[in-house]
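# Reading the structure
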Amino acid sequence: MNCFVCSKRKEDFEVWTNKIVIGATYDSVFQDHDIIRQLPDKSVICHDCMKKIIADVDEKR
């Protein structure tokens, strides 16, 4: 699996799928992040990129 953000190859346990991302949070600010909005249904985001997105969202609050 390749990360949607950094394109690095990752194993199953290292990625978040779109359904998990949306299901894991009801935070509309997080869901409105550019990368999250562009994430296709079949794509995944690696844990490192997810942490960067969360930090970016928290910084902008």
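Residues numbered from 1 in each chain as written. Predicted model: local features only at pLDDT ≥ 70, side-chain atom pairs only at ≥ 80, totals over all residues. Heavy atoms only, no water.

## Quick word on the overall build of the protein
Broken down by element type, the protein carries 4 helices and 2 strands. If you list the helices and strands of the protein from N to C, you get β-α-α-α-β-α. Scaling as 2.2 N^0.38, a compact globule of 61 residues should have a C-alpha radius of gyration of about 10 Å, and the protein matches this with 11 Å. C-alpha extents for the protein along the principal axes are approximately 30 × 20 × 20 Å. Burial status across the protein gives 30% buried among its 61 residues. (Helix = DSSP H or I, 4+ residues; strand = E, 2+ residues; numbered from the N terminus. Rg over C-alpha atoms; globule rule 2.2 N^0.38 Å. Buried < 20%, exposed > 50% of the residue type's maximum accessible area, 1.4 Å probe, protein only.)

## Quick look at the pattern of salt bridges
Going through the model one piece at a time under the given rule, you end up with 5 salt bridges. Residues Arg 61 and Asp 27 are paired through a salt bridge, measuring 2.1 Å at the closest nitrogen-oxygen approach. Here Arg 61, found in the segment after helix 4 (47-60), pairs with Asp 27, found in the loop between helix 1 (18-24) and helix 2 (28-31); they are 34 residues apart in sequence, far enough to count as distant. Accessibility expressed as a relative area gives 55% for Arg 61, which makes it exposed. For Asp 27, a relative accessible area of 22% gives the class partly exposed. Across the salt bridge formed by Arg 61 and Asp 58, the nearest N and O atoms sit 3.5 Å from each other. Ionic contacts of the salt-bridge type, sharing partners, join the residues Asp 27, Asp 58 and Arg 61 into one network. (Salt bridge = Lys/Arg side-chain N within 4 Å of Asp/Glu carboxyl O.)

## Quick word on helix 4
Structurally, the α-helix is built with 3.6 residues per turn, so residues lying three or four positions apart point the same way. Over its 14 residues, helix 4 extends 20 Å from the first C-alpha to the last, a length consistent with the 20 Å expected when each residue adds 1.5 Å. Those residues of helix 4 not exposed but buried are Cys 49, Met 50, Ile 53 and Val 57. The arc that holds every buried residue of helix 4, seen down its axis, measures 105°, which confines them to one face. Exposed residues lying more than 90 degrees from the buried face of helix 4 are Lys 52 and Glu 59. (Expected span 1.5 Å × (residues − 1). Arc of directions from axis to C-beta.)

## Focus: the environment of Val 15
Within the secondary structure, Val 15 sits in strand 1 (residues 15-17). Residue classification places Val 15 among the buried positions, given a relative accessible area of 12%. Sequence separation between Val 15 and Ile 45 is 30 residues; the distance between their C-alpha atoms is 5.4 Å.

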